[in-house]
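What the coordinates show
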Amino acid sequence: MRSRFLVGIVAAACVAAAAPWAHAQKVTFATSAGDIVVELNAAKAPKSVANFLEYVKAGHYEGTVFHRVIENFMIQGGGFSADLKERATRAPIPLESRNGLSNSRGTVAMARTSNPNSATAQFFINVQDNTFLDAPISPDGNGYAVFGTVVSGMDVVDRIRVVQTGNRGPYQNVPLQPVTITKATVAP
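These numbers come from a predicted model, not from an experiment.

1. Brief notes about the overall build of the protein chain
Helix and strand counts for the protein chain stand at 3 helices and 10 strands. Counting across all 188 residues of the protein chain, residues that qualify as buried make up 43%. Intrachain contacts of the protein chain at a sequence separation of at least 6 include 68% that bridge at least 24 residues. A total accessible area of about 9,600 Å² is found for the protein chain, and carbon and sulfur atoms account for 56% of it.

2. So, helix α3 (residues 154-161)
Within the sequence span of α3, burial applies to M154, V156, V157, I160 and R161. All buried residues of α3 project into a common sector of 155 degrees when viewed along the axis, lining one side. For α3, the secondary structure elements touched by its buried residues are β1 (26-31), β2 (34-40), β3 (64-70), β4 (74-81), β6 (123-126) and β7 (146-152).

3. Considerations on the pattern of salt bridges
This model, assessed by the stated rule, comprises 6 salt bridges. One salt bridge in this structure joins R90 and E54, with 3.4 Å as the shortest N-O distance. Linking R90 in the loop between β4 and β5 (107-110) with E54 in helix α2 (residues 46-57), this pair joins segments that are 36 residues apart in sequence. Assessed through its relative accessible area of 31%, R90 is described here as partly exposed. For E54, a relative accessible area of 43% gives the class partly exposed. With a closest N to O distance of 2.7 Å, R105 and D158 form a salt bridge. Here D158 lies in helix α3 and R105 lies in the loop between β4 and β5, a separation of 53 residues in the sequence. A cluster of three or more residues bridged by salt bridges with shared partners is formed by R105, D158 and R161.

4. Regarding empty space enclosed by the protein
Rolled over the atoms, a probe as big as a water molecule pinpoints where empty space is left. This structure, assessed with the given rule, holds 2 cavities of 30 Å³ or more. The computed volume of the largest cavity comes to approximately 50 Å³. Taken together, V65, F66, H67, A82, L84, R168, V174, P175, P178 and V179 form the lining of the largest cavity. Counting residues per element, the ones that place at least two in the lining of the largest cavity are β3 and β9 (171-175). Tallying contributions element by element places β3 first for the lining of the largest cavity, with 3 residues. The class makeup of the residues in the lining of the largest cavity is 8 nonpolar, 1 polar and 1 charged. Approximately 30 Å³ is the volume found for the second largest cavity. Taken together, S48, I93, P94, L95, E96, M110, P116, A119 and A145 make up the full set of residues lining the second largest cavity.

5. So, the pairing of β2
In this structure, β1 lies alongside β2, joined through 6 bridges in antiparallel fashion. Following the sheet pairing, V27 is matched in β2 by V38. From the end of β1 to the start of β2, which pair antiparallel, there are 2 residues. Two elements, β2 and β7, share 4 bridges in a ladder whose sense is antiparallel. The partner of V37 across the bridge, within β7, is S152.

About the criteria used
- Residues numbered from 1 in each chain as written.
- Predicted model: local features only at pLDDT ≥ 70, side-chain atom pairs only at ≥ 80, totals over all residues.
- Heavy atoms only, no water.
- Helix = DSSP H or I, 4+ residues; strand = E, 2+ residues; numbered from the N terminus.
- Buried < 20%, exposed > 50% of the residue type's maximum accessible area, 1.4 Å probe, protein only.
- Contact = heavy atoms within 4.5 Å.
- Areas by Shrake-Rupley, 256 points an atom, 1.4 Å probe, with all protein chains shown as cover.
- Arc of directions from axis to C-beta.
- Salt bridge = Lys/Arg side-chain N within 4 Å of Asp/Glu carboxyl O.
- 1 Å grid on protein atoms, 1.4 Å probe; cavity = no way out; pocket = protein on both sides within 12 Å on 5 of 7 lines; lining within 4 Å.
- Points joined across faces, edges and corners; volume = space filled by probe spheres on them.
- Nonpolar A, V, L, I, M, F, W, Y, C, P; charged D, E, K, R; others polar.
- Pairing = 2+ DSSP bridges.

Right, here's the structure in full:
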């Protein structure tokens, strides 16, 4: 009887410990090319996930475009409107690239400038394994913080990655036909 009780307590503790993974938050991007659902990893990238969710809940991503698309690399969005006007952002967050998550196909990472601690609202989705972006093997030694994974809609990502691109003003690899995020919502 006592051993059954102990097994029950251990099993309950394991279920409780696994609960955050079982209820990982997801965000759905409704885009002009279809829906993309991203599962967030708050356990490994808590600051990046909290920051991203604040932008989602504030409606920041609605009306932004994937403004940088490189077919065999990634698709980047979250910062510009279709006319390439940059959206205002909050203060940057600290880099969380040494969290054990790799920039593999289908992962979502924070975009940043050459300053490692400069990520705000922009993100990118890796369309192939880009492990050279992982810290410490990245060219700058800092890497890019992965904070989520596409769990539905990689077919949409693949449609976006092959759109025709060109240069617009100072920007390169801009889709000639805008691919717009019409809505971003936290999935229940």
